[in-house]
Structure formats: structure tokens, C-alpha cells
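Below, each chain spelled out in residue letters.
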Amino acid sequence: MLRFKSVSTHFVLVASIAVAGSLATRTAYAKPVPTPQSVLGFEPTSDRTIADWPQITNYFAQLDATSDRVKVQEIGKSTLVKPLIVAFISAPENIRNLEKYRRINQKLADPRMVNSPEELQGLLKEGKTIVSISCSIHSTEIVASQMSINLAYQLATARDAETEEMLKNTILLLIPSPNPDGVDIVANWYRKNLGTKYETTSPPELYHHYAGHDNNRDWFMLSLKETQSITRFFWQQWFPEIVYDVHQQGANGSRFILPPFFDPANPRIAPLILREAGLMGYKMASDLEAANIAGVATNSTYDTWWHGGFRGTPYFHNSIGILSEAASASLMSPLTITRERLERGTKVRGLDSPLETATNFPNAWQGGTWGPRDIARIEMISSRALLQMASKFRLRYLTNFYELGKSNLLPQSKDPQGFVVYADPAKKETTARFLEILMGQGMEIHRIEQDTEMYLGGETTGTASKVPAGSFVVFTSQPQRNNVLSLFEKQTYPNRLKPSGEAEVPYDVAGWTLPLQMNIDTASVWKLGTTPAAMVKLTDINQARQSLGLSPQTEPFAKLPNPLKTAPKIGLYKSFTGSMDEGWTRLVLDTHQIPFTSVSDSDFRAAKLDYDAVIIPSMSEKSIVDGLDADRYPAQFAGGLGEKGVDNLREYVEKGGKLICFDSSCDFAINRFKLPVKDVLKGVKSSEFYNPGSVVRLDVDTSNPLAKSFKAQTPAYFIDSAAFDISDPTKVKSVAKYADKDALLSGWMMGEKYVNGKTALAEAEYGKGKIVLFAFRPQHRSQTYGTFPFIFNALEK
Ligand SMILES: [Zn+2]
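All of the points below concern the structure found in this document. (Residues numbered from 1 in each chain as written. Predicted model: local features only at pLDDT ≥ 70, side-chain atom pairs only at ≥ 80, totals over all residues. Heavy atoms only, no water.)

## A closer look at the coordination of the zinc ion
Here is step 1: Coordination of the zinc ion by the protein involves His138 (ND1), Glu141 (OE), Glu141 (OE) and His247 (ND1), with metal-donor separations of 2.1 to 2.5 Å.
Here is step 2: Here the zinc ion is ringed by four donor atoms whose angles at the metal span 55 to 149°, and the overall shape comes out irregular.
Here is step 3: Of note, the zinc ion draws all its donor residues from one chain, in the sequence arrangement H-x2-E-x105-H. With glutamate 141 in the loop between strand E3 (129-135) and helix H7 (143-157) and histidine 247 in strand E5 (residues 242-249), the pair connects residues that are 106 residues apart, well separated along the chain. Neither glutamate 141 nor histidine 247 differs from the other in exposure class; each is buried. (Donors = N, O, S within 2.8 Å, 3.2 Å for Na, K, Ca; no water. Tetrahedral: all angles 85-135°; square planar, octahedral: opposite > 155°, others 65-115°. Helix = DSSP H or I, 4+ residues; strand = E, 2+ residues; numbered from the N terminus. Buried < 20%, exposed > 50% of the residue type's maximum accessible area, 1.4 Å probe, protein only.)

Structure below.
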């Protein structure tokens with residue numbers, strides 16, 4: 001077990017804090033701070049070395065034990081129950097008084113806690129800039145997790161004036177990785193294959209148990225243990241003014257990407273935040289140029305439209321989110337990048353070629369060898385640049401942070417004053433989960449205690465309406481006002497087209513409105529009635545659960561009751577290609593305590609398909625049938641279902657089995673089962689039709705058992721999805737269609753006429769069995785609680 005100095009008894013919420021390490025060790029520090037080499041036996045970030053999670057946490061425990069500048073805290077457990085750690089790094093006097101500085105920052109985060117101008121002056125004078133650096137959330141982007149050891153050692157031991165000043169003015173919350181499980185998955189795979197022809201491959205599994213790469217798509221939803229713990233640590237405890245999220249990109253483009261970011265910007269991000277992110281990026285880029293590092297790009301590729309990533313979410317908490325993307329090596333093995341490879345390099349937004357210079361890319365890298373040391377060097381320089389800024393402009397950062405929070409408390413006539421969340425008895429559990437997701441981010445929620453009149457709905461004034469007792473209200477006059485608005489409002493993505501007329505692909509999805517994804521009834525509040533509403537501020541999710549008539553939960557985000565009336569035997573296809581859609585499906589089933597079995601390629605090939613229902617998550621036909629390439633992966637992981645597996649699946653359905661396909665995998669079923677169904681969007685150019693991720697409206701045939709519990713219209717998630725024409729309605733029933741008009745509810749959809757009235761959910765007869773075709777994504781990133789019941793209905797025997 002890891003032993004860390006106790007941070008503070010205040011953190012009673014934190015599940016497990018190692019309390020070992022006595023007061024005596026805190027003042028003594030008899031032993032010198034060990035070098036990483038002396039502990040690990042190699043220098044981190046050197047070629048073909050990798051420290052796994054036990055080694056990383058062990059090194060940090062040694063820093064904790066030997067340095068008065070470092071304290072390590074466990075803030076939770078990962079999905080696979082590994083310790084999730086944060087290292088506090090600062091000057092010794094700050095480390096001894098962490099709780100004091102945490103309280104100062106908490107007050108600056110919520111100006112209502114500051115009682116006088118004098119108190120504010122005191123807080124601003126004494127406070128430290130709270131900075132978080134988080135490494136390798138994406139585990140194959142592994143170098144930063146290794147670099148974090150070197151960064152921590154350097155900050156713990158350097159005696160130069162610049163470092164000492166940085167440590168005095170800032171408190172660094174260093175997260176060696178927010179995905180410990182993935183560090184081990186990658187380390188184990190890399191070590192096993194080092195020196196073989198598989199050395200440069202990625203692991204044949206998701207590097208986050210449920211989400212894989214999508215673990216950076218959960219930061220407003222909190223479906224994953226890691227996001228739950230870090231969100232609580234950030235936005236209920238420490239409120240970092242600056243959050244730096246360290247990533248890697250592909251190998252063949254620029255060497256490094258920094259803010260300012262590309263367009264479009266989310267209109268709910270405070271302009272000052274965008275400016276500060278740009279300023280920080282330029283400082284980092286400038287320091288890299290001064291160190292003669294070529295290939296650094298700003299204002300490229302990544303926009304700030306989408307809400308839910310590690311560096312995006314801080315904007316909605318008045319904090320500066322910074323993302324960097326270093327060109328990758330092959331895990332920890334160096335690469336040779338020729339000019340030809342760079343010429344073929346991916347064309348990205350804001351950068352025509354990695355070989356040509358431009359104002360946002362003044363020093364093109366011309367090729368050569370590229371390894372983990374190159375990546376680590378860049379990341380060390382950029383991390384120090386960030387800390388220097390945080391130190392030199394400490395007062396400015398704290399003042400801006402406070403002022404942004406304060407301005408969010410003032411009423412804005414153009415925006416709603418809040419949102420009513422109705423307590424629909426048919427959706428108790430989903431309503432409670434929705435409220436818990438908001439409270440988990442530190443959002444304030446009130447419960448209305450008696451029927452109250454408010455002006456609701458519409459765009460500006462609303463109409464007088466009665467809000468029933470037991471409803472909830474989320475007011476916008478709170479420090480994270482922009483978070484409230486961005487999660488409740490409909491998104492309207494600006495049409496952005498290339499000169500060819502084709503859509504310019506956004507960084508992530510275009511719309512995410514949470515009440516629509518979860519199908520929760522809400523209304524905007526424009527004016528309160530004349531009689532003040534009696535209301536109670538919720539301090540615990542169990543207060544909401546109780547008033548919804550639910551039993552209290554014993555742990556945060558507890559599992560939900562199994563919604564199935566029958567007990568079908570369920571098989572879920574799990575490919576070695578690592579399908580994120582499979583992982584999210586697994587999470588939805590696990591969250592609802594629905595038993596299932598993962599079915600592998602070899603199970604399909606051996607006809608081990610003894611299930612009532614088999615689910616194939618959203619994957620391409622090629623990926624399902626061919627799987628991983630046998631030239632690149634050992635035989636046990638290579639090949640997909642193969643023709644044999646496809647035949648066996650066909651026989652399984654013919655004999656009475658049920659096959660359920662999500663989104664892209666419908667294409668597989670339509671082709672391989674020769675269904676009388678056509679995806680009308682196939683081959684349509686993005687200048688004609690485009691929807692990269694939006695909420696759309698479905699018209700539902702409520703008489704069909706698959707639509708049990710649904711109303712005639714319901715929101716659903718479309719993400720580069722499909723739309724069906726059915727040529728033989730005697731064999732295939734349409735259960736839900738995209739609305740005949742005004743189908744877009746939130747996001748971006750060009751050429752809507754292509755999908756209007758087309759089938760979104762179909763049920764095909766096949767032999768004695770059935771095939772359920774979801775053209776859309778009913779379990780998108782475990783966010784679309786509104787359409788989960790379609791899946792549950794499809795699974796019933
Ligand atoms: Zn990444």
C-alpha cells in the first residue's frame with residue numbers, strides 16, 4: 001500500500017486518504033530526494049523504457065516522504081480500483097498550509113463567501129495560483145505520464161531563483177495520469193512486445209475499461225469513476241485557475257499544438273478566458289521557439305465549441321483550460337519521420353502543410369528522428385512556461401477568476417434566470433441521476449416547497465405558469481452560470497463550410513443539451529412570480545431522491561435498478577479492435593445491473609452463440625468481419641468474425657435468435673443478411689447532408705413493443721448516423737422515424753430533408769428470429785438516458 005503524508009482532515013469526502021507518515025517525518029526529511037533513475041533503474045522518457053502505475057505511484061510516494069515541497073493525495077480509485085493520485089508541489093511553507101490556501105481559493109471561486117472589500121484584498125494578497133497539470137489521459141499518448149516524474153523531481157530539487165519563486169506563488173496539482181488503468185494496459189503490452197515485430201502497435205483493447213479514448217468525453221456527464229473523482233477534487237474542493245491537459249497527436253504533422261484554438265468558439269465561454277488561453281499558448285510557444293524547437297503550431301485543429309473535455313470543462317468554471325498535443329513516437333520507441341511522410345501528413349484545420357511556414361506556424365520541422373525524449377523536452381518547457389506565467393501574474397489570475405465568478409452572479413436580461421426541472425413520476429431514477437450529475441460538478445439546485453408561479457418557456461419573457469411543489473430549479477445566478485446555460489440550452493452550431501461546400505468537421509460533436517439527451521422535462525425561467533417561492537437548497541443528492549420517492553443511495557452514482565422484466569441471456573460483441581461504442585454499451589448494462597456476456601470473434605467462429613439477444617455495437621462492416629490485421633498483431637488477436645463467424649451469426653438468427661445493431665453495424669447486418677433496407681445517407685456528400693453529433697427529434701410508433709413507455713415524439717442522438725428506407729414493409733417494421741420537419745433539436749444538421757420521415761429504428765423478421773436496427777446511437781457515450789429504454793425493450797424476451 002502507498003503511504004502519503006496526510007493532506008488534511010478536512011477531506012472527509014475523499015474515499016481513502018493514506019494517513020501514514022508522521023509529523024516527525026514532515027519536519028525531518030532525513031533522506032535526500034531520490035533521483036528517478038535511482039528508484040526506477042532507468043531515466044524516465046528514455047527510449048524503450050516505460051514506468052507502469054505501481055512504479056509511478058511508488059516514485060511519487062518517495063517524493064512525498066523525502067521532499068518538503070511535495071505532498072501526495074489519493075483522490076479516489078480508478079475503474080479497475082487503482083489509486084488515483086494528485087501530487088501537490090509548492091514551496092514548503094505552502095505545502096504545510098494547503099488547507100489554508102484551499103479555503104482562500106474556494107472563496108475566490110464563490111464571491112458570495114467574501115464578506116468585505118478588505119477581506120477580498122487579503123485573499124488576493126495571500127492566495128496562490130492553483131494550477132493543475134494532467135498527463136496522458138489518453139494512455140497511448142504515454143510520454144507525459146513518464147515526464148511527470150521528471151517534472152516533479154526537478155521542481156522538488158531545483159534551487160534556482162526562478163523555480164523558488166514559481167513554487168512560492170503557485171500550488172501545482174500534478175496528476176501523473178487521470179487514467180491509471182490505461183498506463184498499465186499500455187505498459188504491459190509495450191513490455192511484452194518490446195523487441196518483437198509488434199513493438200510499435202497499440203494494445204488490442206480499450207485503454208480505459210469502458211471508454212477507451214472517449215474517457216476525455218465524459219467531463220460534463222460523470223459516468224466514469226475517474227471523472228467523478230477529479231471533478232469533485234477540482235470543482236468542489238480546489239478550483240484551479242489554470243488546468244493544463246497534456247496530449248499527443250499523430251506522428252506526421254506539426255510537432256506541437258498550443259492555444260489559441262481554432263474556430264468556432266463556444267459563445268458561452270467568457271471572452272476573457274479565450275484571451276487568457278491564447279496568451280498562455282503564446283508564452284509556451286515563445287519559450288519553445290527560444291529553445292530552438294521547430295514545428296510548434298498555434299490556432300490550429302482544435303476548437304472550443306464542445307463542452308465536455310478535460311481542457312474544455314474548466315472554461316465553464318471560470319478557469320483557463322490549456323491543451324497541448326505533441327507529435328507521437330511509437331509509444332516509447334523512436335520513429336524516423338521523412339519529408340515524404342510529412343508531405344503526406346494529415347491536413348488539419350488552420351495548417352495547410354507541416355512543411356510550410358505561416359504566422360501560426362513560423363518554424364516548420366523538416367523531418368528526422370522523433371522519440372519520447374523530444375516529446376518530453378517540449379512538455380517540460382511548456383509546463384515550466386505555464387508555471388512561470390501562473391507565478392508572475394498570480395494577482396492577475398486570482399483577480400480575473402474572482403471577477404468572472406462575481407459577474408456571473410448578476411442578472412442578465414437576455415438569459416433565463418434559471419431552469420425548472422420537473423419531477424416526472426415516470427422518470428424518477430433518471431431525474432435523480434440528472435440532478436446528481438449537475439451537483440457532482442458543484443452546481444447549485446433548489447427544490448420548490450410549494451406550488452409557485454413563475455414565467456416560463458419561450459425565448460425572452462415566458463408566460464405565467466404554476467411550478468408544482470417538488471420541482472427543482474437551477475438558477476443561472478451562480479458562479480458557474482455558463483455551465484448551467486451550456487448544459488441546459490439548445491446548441492446552434494454555426495454552419496462552417498470549406499470552399500468546396502463540404503462541411504468543415506468540428507473537433508467533437510455539435511450539440512449535447514443534457515435535458516434532451518436524458519429526456520428530462522425542463523423549462524426556462526424568465527421571471528419569478530410576485531410571491532417569493534419557498535425553496536430549499538439541496539446539499540445532498542439523497543434529499544432529491546427522497547422527494548422523488550426513491551430510497552437513499554449509499555455511494556455516489558450508485559448502480560441503478562435493473563429495468564428488465566425478463567432475464568434474457570445477452571451476448572455483447574467485443575472486438576480486439578477496441579470499440580468505444582462497445583465499452584459504453586457495457587457501461588450502460590453494468591450501470592443498470594443487466595447481466596451479459598462478452599462475445600469474442602472466436603466465439604462467433606465456433607458458433608458459441610447461446611443467447612436470447614446478441615448486440616453488435618457501432619462498428620464498420622470491415623472492422624466486424626476482418627478485425628485486426630494479422631501482419632500487425634499476434635494470431636490470437638487478429639481477424640474478426642470472418643466468413644465463418646458471419647455464417648454462424650446468420651444461422652443463429654434464422655433459428656430464432658435476436659440480433660441488435662447500433663448505428664454503423666446496421667450496415668453490416670443489411671449487407672450480410674440482405675435485408676430490404678437501404679441507408680439513404682450512404683454516399684451522400686457532406687455538402688448535401690451533414691450531422692456530426694446532434695440531438696434530433698423522432699416520431700415514434702408507440703403501439704410497437706420496442707417503443708413501450710415512449711411518447712409519440714422523443715429526442716435521440718445522431719452522430720454521422722444512418723437513415724433507412726424500407727423496401728419490404730411486410731418483413732421490416734418501422735418503429736421510429738426522424739421527424740417530418742424541424743428534426744434538429746440541438747447541434748448542427750445540414751440537408752435535413754435527407755432524413756425527414758426516414759426510419760430511425762426498424763425491426764426485421766429473419767427466419768424465426770429478429771434483427772433490430774438502430775440507425776442512430778441509442779447509448780451515445782452513456783449519455784442518452786432518454787433512449788436507453790429502446791435498448792431495454794429490445795432486450796426483453
Ligand atoms: Zn489525446
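## Digging into the packing of helix H5 (residues 98-109) against helix H6 (residues 117-126)
Here is step 1: Two numbers describe how H5 lies on H6: the axes approach to 10 Å, and their chain directions differ by 125°. Of the possible angle classes, the one that applies to H5 and H6 is oblique. Here H5 and H6 pass one another in a crossing that is left-handed. Residue-level contacts link Lys100, Tyr101, Ile104, Lys107 and Leu108 of H5 to Glu119, Leu120, Leu123, Leu124 and Glu126 of H6. (Axes fitted to C-alpha atoms, helices over the stretch in contact; angles between N-to-C directions. Parallel < 35°, antiparallel > 145°, perpendicular 65-115°, else oblique. Left-handed = near helix turned anticlockwise from the far one by under 90°. Contact = heavy atoms within 4.5 Å.)

## Considering helix H24 (residues 788-795)
Here is step 1: By the criterion of burial, H24 is predominantly enclosed, with seven of the eight residues buried.
Here is step 2: Among all positions of H24, only Phe788, Phe790, Ile791, Phe792, Asn793, Ala794 and Leu795 are buried.

## Regarding the side chain of threonine 585
Here is step 1: Position of threonine 585 relative to the elements: it lies in helix H19 (residues 580-591).
Here is step 2: Classification of threonine 585 as buried rests on a relative accessible area of 3%.
Here is step 3: A polar contact is formed between the side chain of threonine 585 and the backbone oxygen of aspartate 581, at a distance of 2.6 Å.
Here is step 4: When residues no more than four places from it in sequence are discounted, the contact partners of threonine 585 are Leu572, Ile615, Pro617, Phe662 and Gln779. (Polar contact = N/O pair within 3.5 Å; in protein donor to acceptor, adjacent residues only side chain to side chain.)

## Focus: the environment of valine 599
Here is step 1: By the element assignment, valine 599 lies in strand E21 (residues 597-599).
Here is step 2: The exposure class assigned to valine 599 is buried, which follows from its relative accessible area of 0%.
Here is step 3: In sequence terms valine 599 and glutamate 504 are 95 residues apart; their C-alpha atoms lie 37 Å from each other.
Here is step 4: When near neighbours in sequence (up to four residues on either side) are disregarded, valine 599 contacts Gly571, Leu572, Tyr573, Lys574, Phe604, Lys608, Leu609 and Tyr611.

## Notes on the sheet that holds E3
Here is step 1: Across the sheet, which stays open at both edges, the eight strands sit in the order E1-E2-E4-E3-E5-E10-E6-E8 with mixed pairing between neighbours. Strand pairing shows two members of the sheet lacking a second neighbour, strand E1 (70-77) and strand E8 (296-298), which therefore form its edges. With strand direction ignored, the average angle separating the axes of adjacent strands in the sheet is 20°.
Here is step 2: Sheet analysis places E3 next to E5, joined by five bridges and oriented parallel. Along E5, the bridge assignment pairs serine 132 with valine 243. (Pairing = 2+ DSSP bridges.)

These values are about where atoms sit, not about what they do.
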